[in-house]
Amino acid sequence: MKVGLVLGAGGVLGGAWLVGGLEALARKTGWDPASADYIVGTSAGSMMGALVAAGVPPWFMVAHSAGEDFDGLTDAHGRPVGEADRNAGARFRREGGLPLGPGSWGLALRTLLRPHRHTPAALLGGWLPRGFISTQPLKDTVRSAVPAGWADHPNLWIMACDYSTGRRVAFGRHGAPPAELADAVAASCSIPGFYRPVDIGGRRYVDGGLYSNSNLDVLRGERLDLVICLNPTSSLHPMKAWNPAERLAAVFRTAAGRRLGSEAKKLRATGTELVLIQPTDEDLAIMGPNLMSSRRRHEVIEAARVTVGGQLRDEDTHDLLSALPPGEAHRIRRPDGPPSTWPPLVAEPAAGVA
């Protein structure tokens, strides 16, 4: 059975929702998300996808976010895991001065000449000033699991966009520009106007969400039996919009949902079964309109563990997931005993660059 795992964009709180969702998925099915034949991550989904592909179990992400220290357990650099950032790199510090003018004249002019060929996010992204928030904390988080090179996974695809053209790039895919995993994830997360673009091979890259928040359709040609997609920026329920910020968030969620539906239709047309998991109204009430806030991050994680678990009880969904192969016990649930007695959680990284 060939399985794909797609993790969509969603900012800080979308990433938190993914953590809770992945933990529920592993716990309810007994399947290890790291064993997916393909892992596709966009923006926040690229961070979670990279950590999962490196072997970090979702249950560990939940416990680490809750503040547990895991005495005796160290990261890839030999540092105590209790010292690692609890917010998956969501520490915002300015790098350089405040920029003026469009961040990408190339993308801005392309969208001006052919607006119908670009998404609303790309139409806006080129005209916004270049971002000024450092991506270094994001890179540090990835390097705590994969200090160099790429994760030891056969098909980890990190989605970003060329800042000059708006074209999407799947780093890690055959034919894509070579990149360190930490750089690729930072590029995939680089929201125009907020994060600084990331230079890879002499070109600048930004958030893969400029093309699509889900990028589900990138797996159309891979002849998979099943794809599981967790998409934080769409929703199972319409968002109640009472103020301008909530109304704007509702517009973006509606657009993300339409794009996801279109991509799902294309994927299903190839004969691939698909499970779509999205936030519920309970999740949205906690997340609020500002997905870049870290204030309620762990609350979102805990809510997602419940709401995603509920979605997995759906009869059709349960039937599709019932054929998933069982994962190793220590990757599904916390092992007994002190951390010093646990099997290794993180795989050895691949040498070089993808």
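Owing to the predicted nature of the structure, the values given are computational and were not obtained by experimental measurement.

Criteria and thresholds
- Residues numbered from 1 in each chain as written.
- Predicted model: local features only at pLDDT ≥ 70, side-chain atom pairs only at ≥ 80, totals over all residues.
- Heavy atoms only, no water.
- Helix = DSSP H or I, 4+ residues; strand = E, 2+ residues; numbered from the N terminus.
- Buried < 20%, exposed > 50% of the residue type's maximum accessible area, 1.4 Å probe, protein only.
- Patch = residues over 30% accessible without salt bridge, like charges linked within 9 Å, V, L, I, M, F, W, Y side chains within 5 Å.
- Areas by Shrake-Rupley, 256 points an atom, 1.4 Å probe, with all protein chains shown as cover.
- Salt bridge = Lys/Arg side-chain N within 4 Å of Asp/Glu carboxyl O.
- Contact = heavy atoms within 4.5 Å.
- 1 Å grid on protein atoms, 1.4 Å probe; cavity = no way out; pocket = protein on both sides within 12 Å on 5 of 7 lines; lining within 4 Å.
- Points joined across faces, edges and corners; volume = space filled by probe spheres on them.
- Nonpolar A, V, L, I, M, F, W, Y, C, P; charged D, E, K, R; others polar.
- Core = buried A, V, L, I, M, F, W, Y, C linked by side-chain atoms within 4.5 Å.
- Pairing = 2+ DSSP bridges.
- Lys, Arg positive; Asp, Glu negative; His and termini not counted.
- Charge placed at Lys NZ, Arg CZ, Asp CG, Glu CD.

Caption draft 1: Unusual backbone geometry, seen in detail. Despite not being glycine, Phe70 has its phi angle at roughly 55°, a positive value. Tracing the chain through its elements places Phe70 in the loop between helix H3 (58–65) and helix H4 (105–113). Even without being a glycine, Asn215 presents a positive backbone phi close to 55°. Looking at the secondary structure, you find Asn215 in the loop between strand S6 (203–207) and strand S7 (226–230). What makes Asn215 buried here is its relative accessible area of 0%.

Caption draft 2: A nonpolar patch on the surface, seen in detail. Taken together, Trp105, Leu109, Leu112 and Trp127 make up a surface patch of nonpolar side chains, about 440 Å² in accessible area. Here Trp127 shows up in the loop between helix H5 (120–125) and helix H6 (136–143). Taking relative accessible area as the criterion, Trp127 reaches 37% and is therefore assigned partly exposed.

Caption draft 3: Seen up close, H3. In terms of burial, H3 is largely enclosed, as 8 of its 8 residues are buried. Of the residues making up H3, those classed as buried are Pro58, Trp59, Phe60, Met61, Val62, Ala63, His64 and Ser65. Close packing links the buried residues of H3 with helix H1 (11–29), helix H2 (44–53), helix H10 (297–311) and helix H12 (329–332). Gly67 sits one or two positions beyond H3 and adopts a positive phi of about 105°.

Caption draft 4: Up close: empty space enclosed by the protein. One pass over the structure, following the stated rule, counts 1 cavity of 30 Å³ or more. Within this model, the largest cavity holds a volume of roughly 180 Å³. Every residue lining the largest cavity is counted, 17 residues in all, and those nearest its centre are Gly11, Val12, Ala44, Leu138 and Cys189. Contributing elements (two or more residues each) for the lining of the largest cavity: H1 and H2. Tallying contributions element by element places H1 first for the lining of the largest cavity, with 4 residues. Across the lining of the largest cavity, the residue classes tally to 12 nonpolar, 4 polar and 1 charged.

Caption draft 5: Representation of the pattern of salt bridges within the structure. Evaluation of the coordinates by the stated rule reveals 13 salt bridges. When the shortest N-O distance is used, the salt bridge between Arg173 and Glu222 registers 3.9 Å. One end of the pair, Arg173, is in the loop between strand S4 (168–171) and helix H7 (181–189); the other, Glu222, is in the loop between S6 and S7, with 49 residues separating them in the sequence. Among the salt bridges present, the one from Glu302 reaches Arg305, with a minimum N-O distance of 3.0 Å. With Glu302 and Arg305 both in helix H10 and 3 residues apart, this pair spans about one turn of that helix. Given a relative accessible area of 25%, Arg305 falls into the partly exposed group.

Caption draft 6: Structural detail: the nonpolar core. Judged by nonpolar contacts, the single largest core of 76 residues is most densely connected at Trp17, Met48, Phe171, Leu181, Ile228 and Leu230. No other element matches the 9 residues that H1 contributes to this core. Ile228 has contacts with Val3, Gly4, Leu5, Val6, Leu25, Trp31, Val275, Ile277, Leu321 and Leu324, leaving out every residue within four places of it along the chain. With 16 residues, the next largest nonpolar core counts Trp157, Ala170, Cys229 and Ala264 among its residues.

Caption draft 7: Highlighting the pairing of S6. The pairing of strand S3 (residues 156–162) with S6 spans 3 bridges and is antiparallel. By the bridge assignment, Ala160 is partnered in S6 with Asp207. By the bridge criterion, 3 bridges tie strand S5 (residues 198–200) to S6 in an arrangement that is antiparallel. Bridge assignment links Val198 to a residue of S6, and that residue is Tyr205. Between the antiparallel neighbours S5 and S6 lie 2 residues, among them Gly201 with a positive phi of about 60°.

Caption draft 8: View of a negative patch on the surface. On the surface, a cluster of negative charge is made up of Asp314, Glu315, Asp316 and Asp319. Inspection of the secondary structure puts Glu315 in helix H11 (residues 315–321).

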